[in-house]
Amino acid sequence: MTTATKAPPTAPAAAPPSRTLPSAPAPSLPSLTGLRWMAALLVFGLHVHNFRYFGGTGGRIMSWGFEAGASGVSFFFILSGFVLMWSARPGDRATRFWWRRVARVYPVHLVTVAVALVMVCTLPRQPRPTVLQGLADVFLVHSWWRPWWQTLDPVSWSLACEAFFYAAFPLLALVLRRLGGRGATALAALSVLTVLALAWTDAHHWWAQPISSLPAARLPEFVLGAAVARLVLLGRWRGPGLEASLALAVIGYFLVPQVTAEYAATACTITGFALLIPAAAVADLHGLPSLWRRRRLVRLGELSFAFYMVHLLVLRAGTRLLGTRPRFDLLTGAAVAAVAFTVSLGLSWLLYEGVEQPARRLLLRRPARPRTA
């Protein structure tokens, strides 16, 4: 997704896709890139909390602020559906789409898998995966079976979900392009109801294993994002503005600790996130004020994927020096967390500039055409 900081003209928001040229690129939505960074920051805060860098008052503050940080992954899933539907190219072949997604995520994934493997072999008390677990992680199928879950780089479980979404997207896009505003609204409502139903069944232990990491169970979030993107493309979106949507998302976020853990928490944030993402997109399309469109936030959003993939490895490596669950006082914990954040951000910049961008350009480079007279 492009991340230009200037808002595009307002016309594309009101005109249906049939009035635009099929080859015209979708307008950029930089606010969504800025929001992506905030979601990555929530996940980082959750993992700092889980590693127990803070004790006492600091620990209580971290619990209050980041105990619900896993909801940032749900935001990623909804955002992924929205962005892919927004930027989908009419007449695009499925194989071409899939290759673009491979070029987008696989280079960073392979590098972090290699780093995680080195850490497993060199650091003490690191769980060593079996050959099958390692291969499942490499090929992004490890989230389908709990014993393979969270091997090597643990956050890559969400990439396995995304891989499943990518496989299903060409069919989903075909269906959505045939739906009008009412059909897309119905599909979005059905997706929300499915999430609520799955959350209820998970909370009541209907499943043999937790479904929070199961790709099929997370698919409704992705479909929801694609459905609301279709509504924005048709000019049929009628949701609240950016400020009200953000307020609803924040309320849902702080409701998460009130429910059982795992998948049930998704029910608290699904509505707020599904309103916030299209509201930010409409703000960009109409040139409305948006905090998330600021240049630095957009730049951080560009680094968010690499940051997400590398930060937990940094925290794991830190246990060699800090021990497990050190429970520092507030000032010491804040200093250690700041160092971990800085190292993670620096490595994410190296990954973005040295791996993600060059590898994508290389994989998507078109062969030169022979000159004709």
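As shown above, the structure is provided for reference.
Described below are features of the structure shown in this document. As the structure is a computational prediction, the values presented were derived from the model and not from experiment.

Calculation notes
- Residues numbered from 1 in each chain as written.
- Predicted model: local features only at pLDDT ≥ 70, side-chain atom pairs only at ≥ 80, totals over all residues.
- Heavy atoms only, no water.
- Helix = DSSP H or I, 4+ residues; strand = E, 2+ residues; numbered from the N terminus.
- Contact = heavy atoms within 4.5 Å.
- Patch = residues over 30% accessible without salt bridge, like charges linked within 9 Å, V, L, I, M, F, W, Y side chains within 5 Å.
- Areas by Shrake-Rupley, 256 points an atom, 1.4 Å probe, with all protein chains shown as cover.
- Salt bridge = Lys/Arg side-chain N within 4 Å of Asp/Glu carboxyl O.
- 1 Å grid on protein atoms, 1.4 Å probe; cavity = no way out; pocket = protein on both sides within 12 Å on 5 of 7 lines; lining within 4 Å.
- Points joined across faces, edges and corners; volume = space filled by probe spheres on them.
- Nonpolar A, V, L, I, M, F, W, Y, C, P; charged D, E, K, R; others polar.
- Buried < 20%, exposed > 50% of the residue type's maximum accessible area, 1.4 Å probe, protein only.
- Phe/Tyr/Trp six-rings, centres within 6.5 Å; stacked < 30°, edge-to-face > 60°.
- Lys NZ or Arg CZ within 6 Å of the ring centre and 35° of its normal.

### What to know about the side chain of serine 158
Okay, so step 1: Structurally, serine 158 can be placed in helix H7 (residues 157-177).
Okay, so step 2: In this structure, serine 158 is in contact with Val73, Phe77 and Tyr308, ignoring residues within four places of it in sequence.

### Some points on a nonpolar patch on the surface
Okay, so step 1: A cluster of nonpolar side chains, contributed by Val131, Leu132, Leu135, Phe139, Val141, Trp144 and Trp145, occupies part of the molecular surface with about 750 Å² of accessible area.
Okay, so step 2: Checked against the element boundaries, phenylalanine 139 lands in the loop between helix H6 (131-138) and H7.

### With respect to the layout of surface pockets
Okay, so step 1: Here the second largest pocket is characterised by a volume of approximately 980 Å³.
Okay, so step 2: For the lining of the second largest pocket, the secondary-structure elements that each account for two or more residues are helix H2 (30-50), helix H4 (71-87), helix H11 (266-286) and helix H12 (295-322).
Okay, so step 3: The leading source of residues in the lining of the second largest pocket is H2, at 5 residues.
Okay, so step 4: For the lining of the second largest pocket, the class distribution of residues is 18 nonpolar, 14 polar and 5 charged.

### Description of the pattern of salt bridges
Okay, so step 1: Summed over all chains, the structure comprises 7 salt bridges.
Okay, so step 2: The residue arginine 104 makes a salt bridge to glutamate 356 at a minimum N-O spacing of 2.7 Å. Highlighted residues: arginine 104 in helix H5 (residues 94-122) and glutamate 356 in helix H13 (residues 330-363), separated in sequence by 252 residues. Exposure class is identical for arginine 104 and glutamate 356. Each is buried.
Okay, so step 3: For the salt bridge of glutamate 356 with arginine 360, the shortest nitrogen-to-oxygen distance reads 3.4 Å. Here glutamate 356 pairs with arginine 360, and both are found in helix H13, just 4 residues apart, close to one helical turn.
Okay, so step 4: Here the salt bridges share partners, and the residues they tie into one network are Arg104, Glu356 and Arg360.

### What to know about the packing of aromatic side chains
Okay, so step 1: All chains considered together, the criterion is met by 20 aromatic pairs.
Okay, so step 2: Consider the rings of tryptophan 200 and tryptophan 206, whose centres lie 5.3 Å apart with planes at 75°: the pair is edge-to-face.
Okay, so step 3: Using a relative accessible area of 59% as the deciding quantity, one classes tryptophan 206 as exposed.
Okay, so step 4: Here a set of aromatic residues connected by ring pairs shows up, and it is made of Phe77, Phe97, Trp144, Trp157, Phe164, Phe165, Tyr166, Phe169 and Phe222.
Okay, so step 5: Here the guanidinium or amino end of arginine 101 rests over the ring plane of tyrosine 166, the centre of that ring lying 4.9 Å away.
Okay, so step 6: Across from the ring centre of tryptophan 149, 3.8 Å away, lies the NZ or CZ of arginine 146, which sits over that ring.

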